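For reference, the chains in residue letters:
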Amino acid sequence: MQLSVVAARLCSLRAASGMSMAAAAQAAGLNTSTIFRIEHGLVAPREATVRTLLELYGQGEHAPRLLSLLREERVPGWYDAPGVPLGLSAYLELEDGAQVIYTYGPRLVPPLLQIPAYAQAAALSAGLPGGAAYEQPADAARLVAVRQEVLDRPRGPHLWAVLDRPALLDPPLHRPEERIAQLDAVAMAAKQPHIAVQVARPSAESGFLHQGPPFTLLRFPESSRPDVLVLHLLHAPIVVEDRRRVEEHQQAFARLSLSACAVDATSGVLDELRATLLG
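As the structure is a prediction and not an experimental result, all values here were calculated from the model.

1. What about the overall build of the chain?
- On a plain count of helices and strands, the chain comes out with 13 helices and six strands.
- Against the 2.2 N^0.38 benchmark of 19 Å for 279 residues, the chain shows a C-alpha radius of gyration of 21 Å, consistent with a compact globule.
- Counting the 279 residues in the chain, one finds 46% classified as buried.
- Sequence-distant contacts, at least 24 apart, represent 69% of the contacts inside the chain between residues at least 6 apart.
- Of the roughly 13800 Å² of accessible surface on the chain, 54% is carried by carbon and sulfur atoms.

2. A word on a nonpolar patch on the surface
- Together, Phe36, Leu42 and Val43 give the surface a local cluster of nonpolar side chains, amounting to about 270 Å² of exposed area.
- In this structure, Phe36 sits in helix H3 (residues 32-39).

3. Section: the pairing of strand E4 (residues 215-219)
- Most of E4 sits out of view: four of its five residues are buried.
- As judged from the five bridges shared by strand E1 (residues 100-105) and E4, these two strands associate in the antiparallel manner. Of the residues in E4, the one forming a bridge with Tyr104 is Phe215.
- Across four bridges, E4 lies against strand E5 (residues 228-232) in antiparallel orientation. From the neighbouring strand, Leu217 faces E5, where its bridge partner is Leu229.

4. Quick look at the nonpolar core
- Core analysis: the biggest nonpolar cluster contains 37 residues, and Leu113, Leu168, Val186 and Leu218 have the highest contact counts within it.
- At four residues, helix H6 (residues 86-96) tops the list of elements feeding residues into this core.
- The next biggest cluster of nonpolar side chains, apart from the first, holds 18 residues, and it includes Val6, Leu10, Leu13 and Leu67.

5. Structural notes on unusual backbone geometry
- Here Glu72, not a glycine, exhibits a phi torsion of approximately 60°, which is positive.
- Tracing the backbone through its elements, the reader meets Glu72 in the loop between helix H5 (63-70) and H6.
- Although it is not a glycine, Arg107 adopts a positive phi angle of roughly 70°.
- Locating Arg107 in the fold gives a position in the loop between E1 and helix H7 (116-126).

6. Points about the sheet that holds strand E2 (residues 158-163)
- The mixed open sheet is built from six strands, whose spatial order is E3-E2-E1-E4-E5-E6. For this open sheet the edge positions go to strand E3 (195-199) and strand E6 (237-240), each flanked by a neighbour on one side alone. Sheet twist, expressed as the average angle between the axes of neighbouring strands with direction ignored, equals 15°.

7. Brief notes about H5
- The buried fraction of H5 is high, at six of eight residues.
- Within the sequence span of H5, burial applies to Ala63, Arg65, Leu66, Leu67, Ser68 and Leu69.
- Buried residues along H5 sit in contact with helix H1 (2-17), helix H4 (47-56) and H6.
- In the segment just after H5, Glu72 is the residue with positive phi, at about 60°.

The rules behind the values
Residues numbered from 1 in each chain as written. Predicted model: local features only at pLDDT ≥ 70, side-chain atom pairs only at ≥ 80, totals over all residues. Heavy atoms only, no water. Helix = DSSP H or I, 4+ residues; strand = E, 2+ residues; numbered from the N terminus. Rg over C-alpha atoms; globule rule 2.2 N^0.38 Å. Buried < 20%, exposed > 50% of the residue type's maximum accessible area, 1.4 Å probe, protein only. Contact = heavy atoms within 4.5 Å. Areas by Shrake-Rupley, 256 points an atom, 1.4 Å probe, with all protein chains shown as cover. Patch = residues over 30% accessible without salt bridge, like charges linked within 9 Å, V, L, I, M, F, W, Y side chains within 5 Å. Salt bridge = Lys/Arg side-chain N within 4 Å of Asp/Glu carboxyl O. Pairing = 2+ DSSP bridges. Core = buried A, V, L, I, M, F, W, Y, C linked by side-chain atoms within 4.5 Å. Axes fitted to C-alpha atoms, helices over the stretch in contact; angles between N-to-C directions.

The structure is reproduced here in structure tokens:
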């Protein structure tokens, strides 16, 4: 099974890079028939070949992720499918196994609360080559839908999100009805018992300004497994396990939560924002 997943991933990455089999083979010093056999799972590629091909496709830094499947060091999941950014796959595996997800992102609605139109628009507006970029913008919309299914599992994770007002009032959506739909989706999610949503108050009122990139904290069901910090940087999320930095961001999230509007006030705050969007 791992071989077929590696084959599908290499095939999709080559197609997304715009290279033909012949061009990839020539650049990698291989025969076109070899590329064909690799992409159809007929032969297991050498690790050096995988590294070379990923470099050609602008994904060289993520080679360890794909090689772990080739070595059968882990069982593939939905996050290994073509269309899921290779640079996002490791984070999604962690998110998939989390018990509690704490997340904050200035100017951005977290993916677990995005509507498909928002996800696609955000991918288009980012326009990043390589890294966590999607092979096709539509993949972002499909991936958001799959990620949100995780929240609907019988024993799915609890989500606690702090949102900034600019993220809700100035989304990367041009159509007014889509802006309203995104706000309504957040409001609906906030009513779920396993989801807590808070809207940050202006810094002038709260006295707190978080100075740093968007971040997520993941807590796992295993008591012996430490929490993980994920920094959502420009090209790809960075997983941080350093205890000190994790604790610093736990404190930052606590301050964000304490300085934001209370959870039970979220519905009213979103109604006010909805009225603002409607003009």
